[in-house]
Amino acid sequence: MARWCYRHRLVVLLVWVGALFGLGFSASTAGTDYANVFSLPNTDSKRAYDLMEKAFPDSAGDTDTVVWKVDQGSVRDASVRSRIQPALEKIAAMKGVGDVTGPYAGAPGARQISRDGRIAYAQITFTERSNAVPKELVQDVVDTAQGAERGGLRVELGGQAIQRVQEPPTGLAEMVGIVAAALVLFLAFGSLFAMLLPIGVAVFGVGTGLFSTQLLSHATDIPDLAPLLATLIGLGVGIDYALFIVTRHRRGILKGMAPEDSAATALDTSGRAVLFAGGTVCIALAGMLVTNLRFLDGVVIGTSLTVVLSVLAATTLLPALLGFLGPRVLSRRQRRKLAAEGPERERASGLAARWSGTVQRRPRTIAALALVVMAVLALPVLSLRLGATDQGNDEASTTTRKAYDLLAEGFGPGFNGPLQVVVSDGDTTALVKDIQATRGVAQAAALPPARGVTVIQVVPATSPQSKQTDELIDTLRDHVIPDAGAQAHVGGVTAVSKDFATVTGDRLPLFIATIIGLGFLLLLIAFRSVVVPLTAAVMNLIAAAASFGVLVAIFQWGVGLDLLGLGKEGPINAFLPVIMLSLLFGLSMDYQVFLVSRMHEEWVHTKDNARAVRVGLAETSRVINSAALIMVCVFLAFVLSGDSGAQMAGVGLAAAVALDAFVLRTALVPAAMHLLGGANWWLPGWLDKRLPHLAVEPAEEAGEAGESVEQEGGPASVVHGFVRSADGEPVGNAAVTLLSKGGRRLDRVTSLADGSYIVSVPAPGSYLLAVTAGSHGSKARQVTVADGPVVYDVELAEGEVDAVN
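What counts, and at which threshold
- Residues numbered from 1 in each chain as written.
- Predicted model: local features only at pLDDT ≥ 70, side-chain atom pairs only at ≥ 80, totals over all residues.
- Heavy atoms only, no water.
- Patch = residues over 30% accessible without salt bridge, like charges linked within 9 Å, V, L, I, M, F, W, Y side chains within 5 Å.
- Areas by Shrake-Rupley, 256 points an atom, 1.4 Å probe, with all protein chains shown as cover.
- Salt bridge = Lys/Arg side-chain N within 4 Å of Asp/Glu carboxyl O.
- Helix = DSSP H or I, 4+ residues; strand = E, 2+ residues; numbered from the N terminus.
- Buried < 20%, exposed > 50% of the residue type's maximum accessible area, 1.4 Å probe, protein only.
- Pairing = 2+ DSSP bridges.
- Axes fitted to C-alpha atoms, helices over the stretch in contact; angles between N-to-C directions.
- Contact = heavy atoms within 4.5 Å.
- Phe/Tyr/Trp six-rings, centres within 6.5 Å; stacked < 30°, edge-to-face > 60°.
- Lys NZ or Arg CZ within 6 Å of the ring centre and 35° of its normal.
- Parallel < 35°, antiparallel > 145°, perpendicular 65-115°, else oblique.
- Left-handed = near helix turned anticlockwise from the far one by under 90°.
- Nonpolar A, V, L, I, M, F, W, Y, C, P; charged D, E, K, R; others polar.

Moving on, we get to a nonpolar patch on the surface. There is a patch of nonpolar side chains on the surface, built from Phe186, Leu192, Phe193 and Leu196 and spanning about 370 Å² of accessible area. Looking at which element gives the most residues to the nonpolar patch, the answer is helix α8 (residues 192-216), with 3 residues. Looking at the secondary structure, you find Phe193 in helix α8. Residue classification places Phe193 among the partly exposed residues on the basis of a relative accessible area of 38%.

What follows concerns the sheet that holds strand β4 (residues 153-158). Taken in spatial order, the 4 strands of this open sheet run β2-β3-β1-β4, and their pairing is antiparallel. Two strands in the sheet have a free side with no partner beyond their single neighbour: β2 (97-101) and β4. Strand after strand, the sheet turns through a mean of 20° between neighbouring axes, direction not considered. Across 4 bridges, the pairing between β2 and strand β3 (residues 119-126) is antiparallel. Looking across to β3, one finds that Thr101 is bridged to Gln123. Contacts from helix α4 (residues 78-92) reach β1 (63-70), β2, β3 and β4, with the element oriented near 160° to β2.

Its identity as a non-glycine residue notwithstanding, Arg451 has a phi of 55°, on the positive side. If you trace the backbone, Arg451 turns up in the loop between β7 (441-446) and β8 (454-460). Notably, Asn733 is not glycine yet its phi reads approximately 60°, a positive angle. Mapped onto the elements of the fold, Asn733 is located in the loop between β11 (717-725) and β12 (735-739). Exposure remark for Asn733: the relative accessible area of 67% places this residue in the exposed category.

Our focus in this paragraph is the packing of aromatic side chains. The full count for this structure, using the stated rule, is 6 aromatic pairs. Taking 6.4 Å as the distance between ring centres and 85° as the angle between the ring planes, the aromatic pair formed by Trp16 and Phe204 counts as edge-to-face. Placement of the pair is Trp16 in helix α2 (residues 9-30) and Phe204 in helix α8, with a sequence separation of 188 residues. Under the relative-accessibility criterion, Trp16 is labelled buried at 9%. When its relative accessible area of 16% is taken as the criterion, Phe204 is described as buried. Pairwise contacts between aromatic rings join Tyr121, Phe411 and Phe415 into one cluster. One Lys or Arg, Arg9, reaches over the ring of Tyr6 and ends 5.4 Å from the middle of that ring. Over the face of the ring belonging to Phe193 we find Arg328, whose NZ or CZ atom lies 5.6 Å from the ring centre.

Packed helix pairs are characterised by how far apart their axes lie and by the angle those axes make with each other. Relative to each other, α2 and helix α11 (residues 295-325) sit at 140°, their axes nearing to 8 Å. One finds that α2 runs oblique with respect to α11. Relative to α11, α2 is oriented so that their crossing is left-handed. Of α11, the residues touching α2 (which contributes Arg9, Leu10, Val12, Leu13 and Trp16) are Leu309, Leu312, Ala313, Thr316, Leu317, Ala320, Leu321, Gly323 and Phe324. Each residue belonging to the contact of α2 with α11 can be placed in one class, and the counts come to 11 nonpolar, 2 polar and 1 charged.

This is how it looks when you write it as structure tokens:
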């Protein structure tokens, strides 16, 4: 497939460009139909909502608030009223505004003025829900209301529709993330063309994914959170997957391969790992379905579709683009060096090789330090409290936050999250008295009944996010309502948030067990080992605990919130653990696959665990760390999105990816694998026979040299020579192994005291000769055998890491 895409690159590019623009035109023509369908069946708040919908079917429009405060005097003063009242009348006359109820409309409006007379509010009811109200209308409302301000009179606005117009421009977070990723790629590659490849592939993958999701919103319920999360994950994986393939391709060209052969090899090695990694991300995302929270179904559809298209772009569009570039995927300096000095010897060197050697020498120390770091970061998770953020968590400079604070100042902290006790049967008057007498209730009043249903508005004495408010809801449900003998249910936004947090917490263990179990099975099949997937599962849990610890410290405790400009502390969004764990487990599995697949490749070739772990870490740590740095940049850019849920997800995922790549995969995983030794690759024989074969590395070709049956009369030839140290001294007792290109061991001997060795070759062809000798290091080289014996001397340098794909 890679060769076909490479050779027919113009066709492939035109197909992708046509798909992107075709889907974009269709999506812009059809528009969006995102629906935040939120349902919590079998909960008290859902029963309250059903009764409310039956009694008040016309109250579907979004209700926002205008709040004003005077520094001196009263809001009843004629000078204040003469400025506010005309503004409210002008707003009421706007097309799309259903009703405006202000404090100057007789006796009923008196409740909308604070006791000290300095703060008042008016409620604006739109004819549509917040996501359907035109932004132009909302902006007109904001401008008209704030136009009434003067010295000593402040006017602020709050509500869902108002919040939409104060968000940063759409696409700002994505652009910042892409620019940051481009800088990292340019530093990693040193080539403008190589830098643009992963960016271009990610843009095509995310673009087609978002347009497809927008079209699907007309056929199924997809929340408006889905495209934001799809962009978040799509940009990260799209750039990373292309980075892995381009890195392998550049390495192939530097080794002297033709660009087409190098691209085919890169797709047949790193491309397979990309397919597998993309599959694990989609499976982790699909794990959200077991929570049975229906609004997450649309999130699964949008994010999974974007990941699938990003993988498709990386495996089809990328080889086509590599065909257009040819050798220009290398920097000018690399091309000049290749022309002058010829192909490079592949050798893991520099910081990555030194670190890999350090991990091998001190696995216990490094594992202990890494565990201590993760444990300290995970400690705050013990005080995790799930809930819902509201406009009280917005940045202090926003009008929604100012309106929230003014309402809390004038009418009490619980005013921003009133409870609705919906009564269908019983003595309402007695129930109201009992509620008023309940500790933690600031005020309670019954609204006029409709269709046999009465709603009692209950204002708690504490804020919507307070633990005491949660306890008040439990008290009303468990004691006050049953004791009054009424048929009633507690609803409202605050009660819904509490029920959602409870339901999510109850279903979280099943969700975690599902995605860990599925990930375990995939890695078990891919690497034919019980210990490798078990290690991955434990590491994923450690990464999740530490990343949620960081989230709690920042968003719940408020550490660094002012510095980051992320508003006010509060509980962690209840939906975040499900979404974040899905993405985290999928991305963690990516790094595990890329790291362990290289180790597994080396293990198959040499059966030397220490060498396999050392070489795998030395060769992949740099690219994994670059990929992680790109993801961290993309995720942190979503702090600029203006959406509190996306900000939490961005910071949490950035912390998770950084800890996973820089602490777990670079230190703890290899240290643990060194300590476990050959047990890493243990698989019971009975299980090996029953497991299907799923190769992350390419399979050997049918006619591959070294796989032919040994002829009668002995081997076709031999390879012989001497094993010496860097200063020419003979190296005895060195293990010399001859393997086929696919890793099958054909012969193994030990060098004599003078360093001499001889291994048998079954047939002419290319083989891998691996030599290992304790402190003298290891070396693996390809050897081509014709009709006669081949003399091949091996020089080992102390502590050297020298590997062949």
